[in-house]
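As a plain string of letters, each chain reads:
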Amino acid sequence: MSNAEKQMMPPAVAAERVAAGLAARHGRERRFRIYGRIAIGIALAFLVTLFVSIFSKGIPGFFQHYVTIEVTLDRAKLDPAGDLSVQSLYDGDARGVIRKALFEAAEASGRSGRKAAGKIISQGAEQRLRSAILDDPDILDTTQSMTFAVDDDVDSFLRGYIKRETPEKDRRINDKMIGYIDTLNEKGLISFRFSDYLIFGSASRNAEMAGIYGALVGSILTLAVCLVLAFPLGVATAVYLEEFAPKNRLTELIEININNLAAVPSVVFGILGLAIFIGIFGMPRSIPLIGGVVLALMTLPTIIISSRAAIRAVPPSIRDAALGVGASRMQTMLHHVVPLAMPGMLTGTIIGMAQALGETAPLLMIGMVAFIVDVPGSVTDPGTVLPVQIFMWADFAERMFILKTSAAIMVLLAFLILMNAAAIIIRKKLERRW
Amino acid sequence: MNSFSLLIAVMLISSGYFFLGTRSSKAVRTAGARLHSLPHYYGLFAGLVAALPALALLVILAIGDDIIFNRLALDFVPDDVKAGENYKEVIVLAQIYNVVNGINFGEQPEWVNAAAAAWHGWEATSTTLKTVTVLALSLIGGMLAYRMVNPDFRSRNAVERIVMTILAASSAIAILTTIGIVFSVIFESMRFFALVPVSEFLFGTTWNPQFEGAERAGSGQMGLATYGSVPLFAGTFLISVVALSVSVPVGLFSAIYLSEYATPRVRSLVKPLMELLAGVPTVVYGFFAALTVAPFIRASGMSLGLDVASESALAAGLVMGIMIIPFVSSLSDDVINAVPQALRDAAYGLGSTQSETVRQVVLPAALPGIVAAVLLAVSRAVGETMIVVMAAGLAANLSLNPLDAVTTVTSQIVTILVGDQEFESAKTLSAFALALTLIIITLGLNFIALQIVKKYREQYE
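Just so we're clear, the structure is a prediction, and the values are computed from it rather than from any experiment.

## A short note on the overall build of chain A
The helix and strand inventory of chain A stands at 19 helices and 3 strands. Expected size for 434 residues packed as a compact globule is a radius of gyration near 22 Å; at 32 Å, chain A overshoots this value by more than 25%. Seen along its three principal axes, the alpha-carbon backbone of chain A occupies a region of about 105 × 75 × 40 Å. Within chain A, buried positions represent 52% of all 434 residues. In chain A, which carries 44 positive and 39 negative side-chain charges, the distance between the mean positions of the two groups comes to 12 Å.

## Description of the nonpolar core
A general trend in soluble globular proteins is that nonpolar side chains are found buried together. In terms of nonpolar packing, the biggest core is built from 210 residues, with Val239(A), Tyr285(B), Ile413(B) and Leu417(B) touching the most fellow members. Of the residues forming this core, the biggest block, 14 residues, is contributed by helix α19 (residues 399-430) of chain A. Setting aside anything within four residues of it in sequence, one finds Tyr285(B) in contact with Leu50(A), Leu277(B), Val280(B), Val319(B), Ile322(B), Met323(B) and Ile387(B). Ranked by size, the runner-up nonpolar core spans 38 residues in total, among them Leu102(A), Ala116(A), Ala132(A) and Ile133(A).

## A few points about the side chain of Thr183(A)
Residue and element names in this part refer to chain A. Within the element layout of this structure, Thr 183 appears in helix α9 (residues 175-186). Among the residues examined, Thr 183 registers a relative accessible area of 17% and is labelled buried. For Thr 183, the side chain forms a polar contact with the main-chain oxygen of Gly 179, separated by 2.8 Å. For Thr 183, the contacting residues outside a window of four places in its chain are Ala 105, Ala 106 and Glu 107.

## Side note on a positive patch on the surface
A cluster of basic residues, Arg28(A), Arg30(A), Arg31(A) and Arg359(B), forms a positive patch at the surface. If one sorts the elements of the positive patch by residue count, helix α2 (residues 11-61) of chain A sits on top with 3 residues. With respect to the element layout, Arg28(A) can be found in helix α2. Residue Arg28(A) is classed as partly exposed on the basis of its relative accessible area, which comes to 36%.

## Thoughts on unusual backbone geometry
Residues and elements named next belong to chain A. We note that Glu 107 has phi near 55 degrees; this positive angle belongs to a residue other than glycine. Within the secondary structure layout, Glu 107 lies in the loop between α5 (94-106) and α6 (111-118). We classify Glu 107 as exposed; its relative accessible area is 51%. Backbone geometry at Ser 286 places phi at a positive 65 degrees, although glycine is not the residue there.

## Regarding helix α11 (residues 313-338) of chain B
For α11(B), with 26 residues, the first-to-last C-alpha span of 36 Å sits near the 38 Å given by 1.5 Å per residue. Most pronounced at Ile324(B), the bend in α11(B) amounts to some 40 degrees, and the proline Pro326(B) follows within four residues.

## As for the packing of aromatic side chains
Tallied over the full model, the rule gives 21 aromatic pairs over all chains. Ring plane angle 70 degrees and centroid distance 5.4 Å describe the contact between Phe193(B) and Phe201(B), whose orientation is recorded as edge-to-face. Linked through ring pairs, Phe32(A), Tyr35(A), Phe253(B), Tyr257(B) and Tyr261(B) together constitute an aromatic cluster. Note that Arg399(A) overlies the ring of Tyr161(A), its terminal NZ or CZ placed 4.0 Å from the centroid.

## Comments concerning the interface of chain A and chain B
With 72 residues of chain A at the interface, the matching set in chain B holds 79 residues. Regarding the contact of chain A and chain B, the summed buried area is about 6600 Å², with carbon and sulfur atoms giving 79% of it. Seen at the junction of chain A and chain B, the total is 1 salt bridge. Here Arg25(A) ties to Glu356(B) by a salt bridge, and the two come within 2.8 Å at their closest N and O atoms. Put simply, chain A and chain B have 13 residue pairs in polar contact (both at pLDDT 80 or more) between them. Here the element with the most residues in the side of chain A that touches chain B is α2(A); it accounts for 22 residues. For the side of chain A that touches chain B, the residue count by class is 50 nonpolar, 15 polar and 7 charged.

## Regarding the pattern of salt bridges
Overall, the coordinates contain 22 salt bridges over all chains when judged by the stated rule. Across the pair Glu398(A) and Arg205(A) runs a salt bridge, and its minimum N-O distance is 3.5 Å. Here the residue Glu398(A) occupies a position in the loop between α18 (386-394) and α19, and Arg205(A) occupies one in the loop between α10 (196-200) and α11 (213-244), the gap between them amounting to 193 residues. Across the pair Glu260(B) and Arg344(B) runs a salt bridge, and its minimum N-O distance is 2.8 Å. In this pair, Glu260(B) is assigned in helix α8 (residues 230-261) and Arg344(B) in helix α12 (residues 341-349), connecting sequence segments 84 residues apart. Neither Glu260(B) nor Arg344(B) differs from the other in exposure class; each is buried. Among the ionic contacts, a cluster of salt bridges with common partners joins Glu242(A), Glu255(A), Arg308(A) and Arg312(A).

## What to know about the sheet that holds strand β3 (residues 190-194) of chain A
The strands making up a sheet associate through hydrogen bonds between their backbones, and the pairing can be parallel or antiparallel. All names here are of chain A. If you walk across this open sheet you meet the 3 strands as β2-β1-β3, and the pairing is antiparallel. The strands lining the two open edges of the sheet, one partner per strand, are β2 (143-149) and β3. Averaged over neighbouring strand pairs, the angle between their axes works out to 40 degrees when direction is ignored. Of the strand pairs in this sheet, strand β1 (residues 63-72) and β3 are connected by 5 bridges, and their pairing is antiparallel. Bridge pairing in β3 places Tyr 66 opposite Ser 191. Each of β1 and β3 touches helix α8 (residues 152-159); the most contacted strand, β1, lies at about 120 degrees to it.

## Some remarks on the domain arrangement of chain A
For chain A, the assigned domains are domain 1 (2-59), domain 2 (62-194) and domain 3 (213-430). Spacing between the C-alpha centres of domain 1 of chain A and domain 2 of chain A amounts to 64 Å.

## As for the environment of Ile166(B)
All names here are of chain B. Mapped onto the fold, Ile 166 is located in helix α6 (residues 155-195). Judged by its relative accessible area of 37%, Ile 166 falls in the partly exposed class. For Ile 166 and Val 242, which are 76 residues apart along the polypeptide, the C-alpha to C-alpha distance reads 47 Å.

What counts as what
- Residues numbered from 1 in each chain as written.
- Chains lettered and ligands numbered in written order.
- Predicted model: local features only at pLDDT ≥ 70, side-chain atom pairs only at ≥ 80, totals over all residues.
- Heavy atoms only, no water.
- Helix = DSSP H or I, 4+ residues; strand = E, 2+ residues; numbered from the N terminus.
- Rg over C-alpha atoms; globule rule 2.2 N^0.38 Å.
- Buried < 20%, exposed > 50% of the residue type's maximum accessible area, 1.4 Å probe, protein only.
- Lys, Arg positive; Asp, Glu negative; His and termini not counted.
- Charge placed at Lys NZ, Arg CZ, Asp CG, Glu CD.
- Core = buried A, V, L, I, M, F, W, Y, C linked by side-chain atoms within 4.5 Å.
- Contact = heavy atoms within 4.5 Å.
- Polar contact = N/O pair within 3.5 Å; in protein donor to acceptor, adjacent residues only side chain to side chain.
- Patch = residues over 30% accessible without salt bridge, like charges linked within 9 Å, V, L, I, M, F, W, Y side chains within 5 Å.
- Areas by Shrake-Rupley, 256 points an atom, 1.4 Å probe, with all protein chains shown as cover.
- Salt bridge = Lys/Arg side-chain N within 4 Å of Asp/Glu carboxyl O.
- Expected span 1.5 Å × (residues − 1).
- Bend = angle between axes of the 7 residues up to and from the residue.
- Phe/Tyr/Trp six-rings, centres within 6.5 Å; stacked < 30°, edge-to-face > 60°.
- Lys NZ or Arg CZ within 6 Å of the ring centre and 35° of its normal.
- Buried area = accessible area lost by both parts, 1.4 Å probe.
- Nonpolar A, V, L, I, M, F, W, Y, C, P; charged D, E, K, R; others polar.
- Pairing = 2+ DSSP bridges.
- Axes fitted to C-alpha atoms, helices over the stretch in contact; angles between N-to-C directions.
- Domains from an automatic or database assignment.

See below:
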């Protein structure tokens, strides 16, 4: 019935009906397009917000305030034993020497005045003075112009986060200190410069002394272990599964396994490391060796999957040619297919390593979250890694830690971008299209 | 020699045999004999036989000795200490370790010092034993292989068999990892369920693992610590729902726009930018959520007169959603691109507009793939850890209000297992039970996603 009706509809009527609905349909079309644009706009807005929020805090985080004072390096006070040994320098009164110089510069006098002025300089100053003497003992018994970091509260004041207008009892810096800071500032002794503590300092509870050096070394060691394990194992597995494995139950099981491992949440790999390596094998906690092994197991599926794709992309004619001139299957594989697939394999490996570099959760499980001041010298020394350092710093409320955390994030992102760029370049330059 | 120098030594011996083998087979060839394989295969064979068994032995000994030492050290513990309350093997061993490594906190009991002294002795013995056996195995193995070098020996085949074994063994690592995960989680979970009934874990509505001393079985102190995981799963669910309600519409619409409307230039510019979101480490998202998004949401909630927790599910979910956007969009992009152009052309031919084509032809055809992508995104959201640890807090509230503070399965696992813990307490073991359920959920989601793709995928030429 309805079919018959439709057939009988004259073309003019049909055209009219279509025309009547056309405006609404075009409206829907426009709206649909706009939804798509809005979606992309939202995604990009998130991206921009994320980066602006990190960079706006991170860039100031690369700098901090320093104060330059004339220090009289009295040998008798600094090196009481006179043998320039570390012990003797520790017994010496580096603190007193620095304070004296500071009091002179800030024109501080009186008991309370000295107490207030003493808080201006970082606790790390003494260590810095000691290492300066160790580097060059000739500076003893001379007067040197030396630069020390200021305390993080003073730094926050100088940056304007602690306001002068706030009532004295509500701020962490009292009026006396502000007076001395002003004096130092008028003399031009306070400078705002690139923070060497951030790059060369290690974990510290004092924000002005905290740095990422130890974590960076830990990250490099952990990644090295991860690379040494994951790359050969991943490539070997890919070669085996792609070229040699018989098509049977076991092979199928391995393939399902690899796909499942790629889907397991990273925190579970941490549990594996905790239960097996620390619980059963009794290995120590917090060491980059275990961190590297856990990350290697985690990145293996990524490397295997991309290596298999790279091997598959090598055309059969290459294999046929090699086999045709009498190469064995293994020779075909190792002399021809693997070298040709290597760019693809390397790309996958770099992407896997970038994943591993940013990974935090499994490393928390195996204890790399401990507060470790020493820089790890080998893969069996306790250490931490950059993302975990960021995680720990993010817990601290000091303004300067927030800035330094953002700066550390920028360093981490820079490494990740470098690695991904390397992967893209390798893919563009070396990968052949067949 | 320590393990590292032993490793180097074995490498040196192995390369020595490689040169010897290669040289002597070359000599045989120069003398006029016809070799079965190329000379370097004879060398490789000798080198591999010198290295591989020795390295395997080294690894086994290096891992095994600590386990044996622990056993032996426990013999030093006097019976009255063992019988004492709060006796924990882990603590005793840690005490001994510290003395062995020269870290001393105050006076140690006599037996600890005795055990540490004995430990030093065992270490010396074990090092000597390791050095002798590993080097001997390497030298003798290499020698035997080297003596097999003669023109009739099929060394290439032998080498290829060895390489093939290595390749096959590498692919077994994937299985070993899975076995390791399954066993480490299942054994500890079983011990947990011996302490806490399964029904309480699955259906209990209070999660309060804080009371350490209150061991449950037999102590009569029932009800101090409770392990009802419902609030954790509710929290995980809530945060995942928030995350998905951000990432699915944004991801899907961007994928549609990029694949159907965008010019190649826009596409080549926008796609990498969106994938940048996927490359940002989760700890950075966590920092962003805790420091920027959560205070912003709290402030805007306050100005609307709403009571927002400082660690709200909304903040964590929103940021997690941002993280998952590229995941949804690139997977959907793939399936939308896989829909053949002929279907679109047919729809255009009938007079449909572009959006009608997308909605009535392309999306239905791509639906199984999109559903699978969403499920994979759910599994990512459920397993995500750092964002919730940093931004969602630890309060195990049973609430479906996104403005409340909730906690999740993963953040509880991390909180319980970070730092020193004893493997004996129900609190520690509960983390393993949580991990077990987490694995089951994520693998289940992946399995369903794969089945959907397999079952409903349209096969176009």
